[in-house]
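A closer look at the structure
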Amino acid sequence: MIEPANTIFNSASNASSQEMKFGASIRAIGVTKIYGKDQDAFHALGPIDLEIKSGEFVSLIGPSGCGKSTTLLIVSGLEEVSQGYVEINSEPLSKPISEVGIVFQDHLLLEFRTAIRNVMLQQEIRGLSRIEFQEKARILFEKLGLKGFEDKYPKQLSGGMRQRVSIARALIHNPTMLLMDEPFGALDAITRTQIRHDLEMLWLETKKTVLFITHSIEEAVGLSDRVLVMSSSPGKIIDEIEIDLPRPRPAHLGDYPEFSSFSKRIYNIFERLGVYRFN
Amino acid sequence: MNYLRVAFQESRLKVRLRANWISRIIYPAISVMFFLSIWELLVWFFEVPLWLVPKPTDFLNRFFSDFSLIADHGAATSVTIISGFLLGIFVAVPLALLIVSSNSLQRGLYPVIVFLNIMPKTVIGPILIVWFGIGPLAAVIIVFLMCFFPILVDSMTGFRAVDSRLFYITKSMGATTWQNFFFIRLPSSLQHIFGGMRIGIVKAVEGVMIAEFISSNKGLGFMIMRASSFMDMTLLFSGLIAAAIVALLFNSLLLTIEWLMIPWENQ
């Protein structure tokens, strides 16, 4: 196993030609989201407090409809808060931030663009240098195991490959924050484990701040520095677990004796909440 | 080695395509020939007079001997179809976008359009004659009315089918409304729009004939109508063939454009 610190150091020096950006820090205080008005009002989220350090990998785990996705959209400025406020890098958030990459459960690739052109959408819409981005895309495709698939249409790619292209699209512009909403939810278990590892390696290299939403305890423990457990309607953060396992983490997380205690703790919360009803 | 393999696969593909192409031509051609021969034989055997049912040889001869006349009218019909159809696209697609993006238009305007579509469009012909006189313009407007609706409906379906979460991603890129339209919405809906256009072109070809029957002094419909009033049966049947050719031409033209514009579906 490679020493994680070493990995970071090496890649940092490798990537010195490319600018290194530190991950954004996220601070949310008393954030509440209410959809609709008066009688129709639906209290979807909060109030929640959230504090994510620069370069931290944080997972949100919780039952369906507990406001995880809303949280993600709020910290990127894509949804407005009903109450409370959000700060990114200690600056109050008022409009959608551009230094962000978003990956959803569905790859949401444009079927009429090839893999590489889907990624280059970032450059085209932002109006940035094409040549520079072509080089970045080449490097990113290589890292994500997409080499040779540049000119394939999404239809011609497997589910895992599509999601990798989607990740490439979220990273090509070198954002400070990566928001992932159940990115591996639609993939099979074997692909999931591999892509989980690949994401971890990429994160170790770039140290972007990641907010990762998942339903999978294994994924949350396998990737995160910290797991936030949420309850539903209205969504609240009810527990916080530091995952101090060494990185990179193996495919079989059961190698760590701590893994079972982490996952037991999450299962226990879900049982207490009534998410699981086992007799 | 790799090159050889690719070349081999390509040549095999070509053989398959050619075989496919030949079989697609030959079998229908054989059955058409068979049908025409039976026709020829029956008319000849029962000595049916020319003014009642012409033999295929009669009207095929006429088709070639009067080709320039028929081609002129065919060209006029084609121009009418193209004008009406393009007008249909340029009105229906933006209107579809407007209706999809505005709730009040959806509630107010769309039912009116649906009602207007239910109304038989040929009854507008006499009104158009009063307004614009007998001529191609009235026919263009009828063609437009015929093909407009299917294009509108399918474009609306296409514009609605775009996953709205995609716009979260483009919003984070700072995309403008125009960029959202040209980069995302329009190309995503292209397949649906072409679906509407495929129905629209059939309607347009149908509509142009009716329009030329009632309100034109040019075109195949007009020529057929005149041939009918003179009981010129061979010209009438030649006109029928010409109309079929025009219909086939426009359908395949549209399919070719679709094939060229939607390459991701052909891979």
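Scoring rules and cut-offs
- Residues numbered from 1 in each chain as written.
- Chains lettered and ligands numbered in written order.
- Predicted model: local features only at pLDDT ≥ 70, side-chain atom pairs only at ≥ 80, totals over all residues.
- Helix = DSSP H or I, 4+ residues; strand = E, 2+ residues; numbered from the N terminus.
- Rg over C-alpha atoms; globule rule 2.2 N^0.38 Å.
- Buried ≥ 20, exposed ≤ 12 C-beta atoms within 10 Å, placed from the backbone.
- Contact = placed C-beta atoms within 7 Å.
- Pairing = 2+ DSSP bridges.
- Core = buried A, V, L, I, M, F, W, Y, C linked by C-beta atoms within 7 Å.
- Domains from an automatic or database assignment.
- Axes fitted to C-alpha atoms, helices over the stretch in contact; angles between N-to-C directions.
- Parallel < 35°, antiparallel > 145°, perpendicular 65-115°, else oblique.
- Left-handed = near helix turned anticlockwise from the far one by under 90°.
- Nonpolar A, V, L, I, M, F, W, Y, C, P; charged D, E, K, R; others polar.
- pLDDT = per-residue confidence, 0-100.
- Expected span 1.5 Å × (residues − 1).
- Bend = angle between axes of the 7 residues up to and from the residue.

To continue, consider the overall build of chain A. Looking only at helices and strands, chain A has eight helices and ten strands in total. Here chain A has a C-alpha radius of gyration of 19 Å; the compact-globule value for 279 residues is 19 Å, and the two agree. Taken over the C-alpha atoms alone, chain A extends approximately 50 × 45 × 35 Å along its principal axes. In chain A, which comprises 279 residues, the share counted as buried stands at 42%. Pairs at least 24 residues apart make up 72% of the contacts formed inside chain A by residues separated by at least 6 positions.

The next subject is the pairing of strand β2 (residues 42-52) of chain A. Every other side chain in a regular strand lies on the same face of the sheet, so the side chains alternate between the two faces. Residues and elements named next belong to chain A. Of the pairings in the sheet, the one linking strand β1 (residues 26-35) to β2 comprises seven bridges and is antiparallel in character. Paired with Ala28 across the strands is Leu50, a residue of β2. Taking the residues that link successive antiparallel strands as the turn, the β1-β2 hairpin has six residues, and the phi of Gly36 there is positive, at about 80°.

All right, on to the environment of B:Phe144 then. Residues and elements named next belong to chain B. Structurally, Phe144 is set in helix α6 (residues 136-160). Between the C-alpha atoms of Phe144 and Lys203, which are 59 residues apart in sequence, the distance is 9.5 Å. With residues near it in sequence (within four places) discarded, Phe144 still touches Gly84, Leu87 and Gly88.

Here we come to the nonpolar core. Judged by nonpolar contacts, the single largest core of 78 residues is most densely connected at A:Ala168 and A:Leu211. By residue number, the principal contributor to this core is helix α5 (residues 159-171) of chain A, which donates six residues. If sequence neighbours within four positions are ignored, A:Leu211 has contacts with A:Ile52, A:Val58, A:Leu60, A:Leu72, A:Val75 and A:Leu179. By size, the runner-up hydrophobic cluster in this structure holds 43 residues, among which are B:Val93, B:Ala96, B:Ile99 and B:Ile201.

Further remarks concern the domain arrangement of chain B. Segmenting chain B into domains produces domain 1 (1-47) and domain 2 (56-265). Here domain 1 of chain B and domain 2 of chain B have C-alpha centroids that lie 30 Å from each other.

Before going further, it helps to examine the sheet that holds β1(A). In space, the four strands of this open sheet follow the order β2-β1-β4-β5 (chain A), with antiparallel pairing throughout. Among the strands making up the open sheet, the edge pair consists of β2 and β5 (91-92) of chain A.

All names here are of chain A. As a packed pair, helix α3 (residues 115-126) and α5 sit with axes 8 Å apart at the nearest point and diverge in direction by 25°. Comparing the axis directions of α3 and α5 gives the class roughly parallel. Regarding α3 and α5, the two cross each other, and that crossing is right-handed. Of the residues in α5, those in contact with Ala115, Asn118, Val119, Leu121 and Gln122 of α3 are Val165, Ala168 and Arg169. Among the residues making up the contact of α3 with α5, the classes are represented as five nonpolar, two polar and one charged.

In this assembly, 21 residues from chain A lie in contact with 18 residues from chain B. Those elements that provide at least two residues to the side of chain A that touches chain B are β6 (100-103) and α3 of chain A. Among the elements that make up the side of chain A that touches chain B, the one with the highest residue count is α3(A) (five residues). Looking at the side of chain A that touches chain B residue by residue, the classes come out as twelve nonpolar, four polar and five charged.

With that settled, the discussion passes to helix α9 (residues 220-229) of chain B. Residue and element names in this part refer to chain B. Those residues of α9 not exposed but buried are Leu220, Gly221, Phe222, Met223 and Ile224. If you follow the buried residues of α9, they end up packed against α3 (67-101), α8 (177-215) and α10 (233-261). In the stretch just after α9, Met231 is the one whose phi turns positive, near 50°.

Mapped onto the elements, A:Leu211 comes out in strand β8 (residues 209-214). Measuring from C-alpha to C-alpha, the distance between A:Leu211 and A:Glu56 comes to 8.3 Å, with 155 residues separating the pair along the chain.

Next up on the list: the confidence of the model for chain B. All names here are of chain B. Averaged over all residues, the pLDDT of chain B equals 87, while 93% of them reach at least 70. No element of chain B has a lower mean pLDDT than helix α1 (residues 2-45), at 77, and none a higher one than α3, at 93. Here the prediction assigns the complex a pTM of 0.78, and the interface score ipTM is 0.82.

Residue and element names in this part refer to chain A. Alignment of strand β9 (residues 226-231) against strand β10 (residues 236-242), held across six bridges, turns out to be antiparallel. Across the sheet, Met230 pairs through a bridge with Ile237, a residue of β10. Counting the residues in the hairpin turn of β9 and β10 gives four residues, including Ser233, whose phi is positive at 25°.

All names here are of chain B. Here α3 crosses α10 at 40°, and the two axes come no closer than 10 Å. It follows from the interaxial angle that α3 and α10 lie oblique. Here the hand of the crossing between α3 and α10 comes out right-handed. From α3, Ile70, Gly74, Thr77, Ser78 and Ile81 reach across to α10, where they touch Ser238, Gly239, Ala242, Val246 and Phe250. In terms of residue class, the contact of α3 with α10 is built from five nonpolar, five polar and no charged.

Let's shift gears to helix α4 (residues 103-118) of chain B. All names here are of chain B. With 16 residues, α4 should cover 22 Å at 1.5 Å per step; its first-to-last C-alpha distance of 23 Å lies within 8% of that length. Along α4, the sharpest change in direction is near 35° and occurs at Leu109; proline Pro111 comes one to four residues later. For α4, a buried count of zero out of 16 residues is recorded, marking the element as mostly open to its surroundings.

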